[in-house]
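Secondary and tertiary structure notes
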Amino acid sequence: MSHSTHLRKGTTEDLSAVYNLSRLCFDEPWSLQSLYSSLESGYDLLLSEQNGVLAGYILSLTVLDEIQIMQVAVAPASRRQGVAGEMSRYLIDHARGINSISLELRCSNKAAYNLYTSLGFTKTGYRKQYYAANAAGISEDAVLMEICPAAE
């Protein structure tokens, strides 16, 4: 990681940059209005900045004693520098009173699967054809993963 990396809580003022990054990272990014609505309804946004530029973010939702990671995005120029790992470790380390943190990812996303396995997440199941069909008409399954930080 760069020494000038900074993690902080995101706010509505950050959503334009978050939206732009999501458009680079996802086939089906959330709309800017959906991002605003998510923060207004209690989602958490964790940002990673490098030299004052958005390097990545995690959008999550806490309900009672569970956190659902909804999105993890890392800017193309910041990939393979530990950004997603640093943000994820921060989320796990600061999950006071949380019994489980869960997420889903594309079966084809081996880098993310390996990262979350290395952080202690375990595979809990699949969602068949969870992701919309691509241009070739092929939909993709999601792998469900979870970690129980209280037991760590």
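Scope of this entry: the structure provided in the associated data block. For clarity, every value in this text was computed on a predicted model and none was experimentally measured.

1. Quick word on the sheet that holds strand β5 (residues 100-106)
Judged by pairing direction, the sheet is mixed, and its seven strands sit side by side in the order β1-β2-β3-β4-β5-β7-β6 without closing on themselves. Two strands lie at the open edges of the sheet, namely β1 (5-9) and β6 (122-131), each paired on one side alone. Across the sheet, the mean angle separating the axes of adjacent strands is 25° when strand polarity is ignored. Those strands touched by helix α1 (residues 15-25) are β2 (44-50), β3 (53-63) and β4 (66-74), and its axis lies near 95° from that of β3.

2. Digging into the environment of Tyr131
The topology assignment puts Tyr131 in strand β6. Along the sequence, Tyr131 and Arg89 sit 42 residues apart, while their C-alpha atoms lie 26 Å from each other. Those residues in contact with Tyr131 that sit more than four places away from it in its chain are Glu104, Leu105, Arg106, Ser139, Glu140, Asp141 and Ala142.

3. Side note on unusual backbone geometry
Here the phi dihedral of Asn51 falls at roughly 55°; this positive angle occurs in a residue that is not glycine. Inspection of the secondary structure puts Asn51 in the loop between β2 and β3. Residue Leu64 is not a glycine yet carries a positive backbone phi of 55°. Mapped onto the elements of the fold, Leu64 is located in the loop between β3 and β4.

4. Examining the side chain of Gln71
With respect to the helices, strands and loops of the structure, Gln71 is situated in strand β4. Apart from the residues lying within four places of it in its own chain, the contact partners of Gln71 are Phe26, Trp30, Leu35, Tyr57, Ile58 and Leu59.

5. Details of the packing of α1 against helix α2 (residues 32-40)
Across the interface, α1 lies against α2 with an axial gap of 10 Å and an inter-helix angle of 125°. Comparing the axis directions of α1 and α2 gives the class oblique. Regarding α1 and α2, the two cross each other, and that crossing is right-handed. Listed contacts from α2 to Leu15, Ser16, Val18 and Tyr19 of α1 are Leu32, Leu35, Tyr36 and Leu39. Split into classes, the residues belonging to the contact of α1 with α2 amount to seven nonpolar, one polar and no charged.

What counts and what doesn't
Per chain, residue numbering runs from 1 following the sequence as it is written. Totals for whole chains, interfaces and linings use every residue, but because this is a predicted model, local features are given only for residues with pLDDT of at least 70 and side-chain atom pairs only at 80 or more, for both listing and counting. Side-chain numbers here rest on the full set of heavy atoms in the structure, without hydrogens or water. A pair of strands is treated as paired once DSSP finds two or more bridges between them. Counting from the N terminus, the helices are DSSP H or I runs at least four residues long and the strands are E runs at least two residues long. Here, axes are lines fitted to C-alpha atoms. For helices the fit covers the stretch in contact, and angles between N-to-C directions go from 0 to 180 degrees. Contacts between residues were defined by any pair of non-hydrogen atoms, one from each residue, lying within 4.5 Å. Each angle is binned into one of four classes, with values under 35 degrees roughly parallel, values over 145 roughly antiparallel, values of 65 to 115 roughly perpendicular, and all other values oblique. For a crossing to be left-handed, the near helix must be turned anticlockwise from the far one by less than a right angle; the clockwise case is right-handed. Amino acid classes used here: Ala, Val, Leu, Ile, Met, Phe, Trp, Tyr, Cys and Pro are nonpolar; Asp, Glu, Lys and Arg are charged; the rest, including Gly, are polar.

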